[in-house]
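Overview (structure and organization)
The primary structure of each chain is shown beneath.
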Amino acid sequence: PAAVIVEPIQSEGGDNHASPAFFRGLRELTAKHDVLFIVDEVQTGIGATGKFWAHEHWDLPTPPDMVTFSKKAQTAGYYYGNPALRPNKPYRQFNTWMGDPARAILFRGIIEEVKRLNLVEHTAKTGDYLYAGLEKLAAKYPGQFNNLRGKGQGTFIAFDSPQRDEFLKKAKTVGINIGGSGASAVRLRPMLIFDQGHADILLEALEKIVKIGNIHGDVIMVGWVPSTKCAYEIAQRQHDHHYHYTPAKMTELDDCDCDSYDNIIIRITSCIIEVYHVVRQTPLRKRQERDDDRNETTTTRRRQRDDDSSN
């Protein structure tokens, strides 16, 4: 028979989410046309979304015909929701990497531990706390945490970054190992024991990332602002002409389409450039002062020799 295979959250494609209504409609269509409905829970299964299986969020009228799992299960396998799919001969679902008793025992131990520590409910609560913190960061830093998604989905949360690859590199500098998917998504995949204390550490680190300044050659850039280049050019122009930004000179900035938020960045960048030029020129000034002192000393000695000769 034909089959539809679907992930609850399209993980490798960019952490794309769909609504429970979508999946209920899909299930009704597959049932109506006698098409198997297979749910791939390799990434979402075993508690990551605040339910043991992510498809439990959907309130399906009938269960999936088959569910696949792996990763947190420490094995690879699938179970049947449709009894008609059970094989009528032994070893039809057995190969080197699945179906052996040792891995089945291991998975059973994992399930027992998840239940004993109440990790599914724990992940749901931690996810709500983490999502609320990310919402605050998204409001505080517009344009940096775009399309935040995963509310009510445990810690299976993602957002889009305008400079995703650079964001991931900076994360490592503040002690965060975090991954991406798709073209621009930053995705969160913490363990089930991840708690609110860990969430606070993560949120603090994420805020540090958007504040980190980049140094490129002789140019100090303020990172993670959409119009940083524009701000730098304006501030550099201000420095070259020896004047500072004031609201009265806003007419000179119109060509860059800067908004009020960027004006703050312009001021910051201007100050950084001013300090940078002072620091950079300090050794030159000291060398010039030494040269002046040396020249003055040489001139004084010559005068003394001339005086001695005349005497």
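Before going into details, it helps to say that this report is about the structure given with it. Everything numeric here is computed off the predicted structure, so don't read it as measured data. (Residues numbered from 1 in each chain as written. Predicted model: local features only at pLDDT ≥ 70, side-chain atom pairs only at ≥ 80, totals over all residues. Heavy atoms only, no water.)

Scanning the model with the defined rule gives ten aromatic pairs in all. Between Trp 53 and Phe 69, the ring centres sit 6.0 Å apart and the planes meet at 45°, which makes this aromatic pair tilted. Of this pair, Trp 53 sits in the loop between strand S4 (36–40) and strand S5 (66–69) while Phe 69 sits in strand S5; the two residues are 16 residues apart in sequence, bridging distant segments of the chain. Taken individually, Trp 53 and Phe 69 each receive the classification buried, so the pair is uniform in this respect. The side chain of Arg 189 reaches across the aromatic face of Phe 156, ending 3.8 Å from its centre. (Phe/Tyr/Trp six-rings, centres within 6.5 Å; stacked < 30°, edge-to-face > 60°. Helix = DSSP H or I, 4+ residues; strand = E, 2+ residues; numbered from the N terminus. Buried < 20%, exposed > 50% of the residue type's maximum accessible area, 1.4 Å probe, protein only. Lys NZ or Arg CZ within 6 Å of the ring centre and 35° of its normal.)

Here we take up the side chain of Thr 49. With respect to the helices, strands and loops of the structure, Thr 49 is situated in the loop between S4 and S5. You can call Thr 49 buried: its relative accessible area is 0%. Excluding residues that lie within four positions of it along the chain, Thr 49 makes contacts with Ile 9, Thr 44, Ala 54, His 57, Gly 152, Gln 153, Gly 154 and Phe 156. (Contact = heavy atoms within 4.5 Å.)

A few words now on the layout of surface pockets. A volume near 300 Å³ is recorded for the largest pocket. Looking at the largest pocket, it is lined by 13 residues, and the ones nearest its centre are Ile 176, Asn 177, Pro 190, Phe 194 and Leu 202. Broken down by element, the residue count for the lining of the largest pocket peaks at three residues, all from helix H5 (residues 196–211). Within the lining of the largest pocket, the residues separate by chemical class into seven nonpolar, four polar and two charged. (1 Å grid on protein atoms, 1.4 Å probe; cavity = no way out; pocket = protein on both sides within 12 Å on 5 of 7 lines; lining within 4 Å. Points joined across faces, edges and corners; volume = space filled by probe spheres on them. Nonpolar A, V, L, I, M, F, W, Y, C, P; charged D, E, K, R; others polar.)

So, on to the packing of helix H4 (residues 164–173) against H5. Pairs of packed helices are described in terms of their axes, by the angle between the two and the distance that separates them. Taken N-terminus to C-terminus, the directions of H4 and H5 make an angle of 120°; their axes are 9 Å apart at the nearest point. Comparing the axis directions of H4 and H5 gives the class oblique. Along this stretch, H4 crosses H5, giving a crossing that reads as right-handed. Across from Phe 167, Lys 170 and Ala 171 in H4, the residues of H5 making contact are Leu 206, Ile 209 and Val 210. Partitioning the contact of H4 with H5 into residue classes produces five nonpolar, no polar and one charged. (Axes fitted to C-alpha atoms, helices over the stretch in contact; angles between N-to-C directions. Parallel < 35°, antiparallel > 145°, perpendicular 65-115°, else oblique. Left-handed = near helix turned anticlockwise from the far one by under 90°.)

Quick look at the sheet that holds strand S10 (residues 185–187) now. Spatial strand order, S7-S8-S10-S9: four strands in an open sheet with antiparallel pairing. Looking at the sheet topology across the chains shown, the edges are occupied by strand S7 (146–149) and strand S9 (179–181). For this sheet, the mean inter-axis angle between neighbouring strands, taken without regard to orientation, is 25°. Across three bridges, strand S8 (residues 158–160) lies against S10 in antiparallel orientation. Its bridge partner being in S10, Ala 158 is matched across the sheet by Arg 187. (Pairing = 2+ DSSP bridges.)

So, about helix H3 (residues 119–140). The α-helix advances 3.6 residues per turn, and as a result positions three or four apart in sequence lie on the same side. Under the 1.5 Å per step criterion, the end-to-end length of H3 is 31 Å for 22 residues, consistent within 8% with the ideal 32 Å. Leu 119, Val 120, Thr 123, Thr 126, Gly 127, Leu 130, Tyr 131, Gly 133, Leu 134 and Leu 137 are the residues of H3 that are buried. Buried residues belonging to H3 abut helix H2 (101–116), S7, S8 and H5. (Expected span 1.5 Å × (residues − 1).)

Here the focus is unusual backbone geometry. Note: most peptide bonds trans; most residues except glycine with negative phi. The residue Ile 46 is not glycine, and still its phi comes out positive at about 65°. The exposure class assigned to Ile 46 is buried, which follows from its relative accessible area of 1%. In this structure, Gln 74 takes a positive phi of about 60° despite not being glycine. In this structure, Gln 74 sits in the loop between S5 and strand S6 (77–80).

Here we come to the pairing of S4. For S4, a buried count of four out of five residues is recorded, marking the element as mostly surrounded by other parts of the structure. In terms of strand pairing, strand S1 (residues 3–6) meets S4 through four bridges, oriented parallel. Bridging across to S4, Val 4 finds its partner in Phe 37. Alignment of S4 against S5, held across three bridges, turns out to be parallel.

Moving on, we get to the pattern of salt bridges. Taken as a whole and judged by the stated rule, the model has eight salt bridges. Its salt-bridge partner being Glu 207, residue Lys 140 comes within 2.7 Å of it at the nearest N-O pair. Of this pair, Lys 140 sits in helix H3 while Glu 207 sits in helix H5, and the two are 67 residues apart along the sequence. With a relative accessible area of 49%, Lys 140 lands in the partly exposed category. Between Arg 164 and Asp 165 there is a salt bridge, and its shortest N-O distance comes to 2.8 Å. Here Arg 164 falls in the buried class, since its relative accessible area comes to 11%. (Salt bridge = Lys/Arg side-chain N within 4 Å of Asp/Glu carboxyl O.)

Turning our eyes to something else, we now look at the nonpolar core. Grouped together as the largest cluster of nonpolar side chains are 24 residues, with contacts concentrated most on Leu 130, Leu 134, Phe 145, Phe 167 and Leu 206. Counting only elements with at least two residues in this core, the list comes to H3, H4 and H5. Looking at which element gives the most residues to this core, the answer is H5, with seven residues. Listed in part, the 19 residues of the second largest apolar core include Val 39, Trp 58, Val 114 and Leu 119. (Core = buried A, V, L, I, M, F, W, Y, C linked by side-chain atoms within 4.5 Å.)

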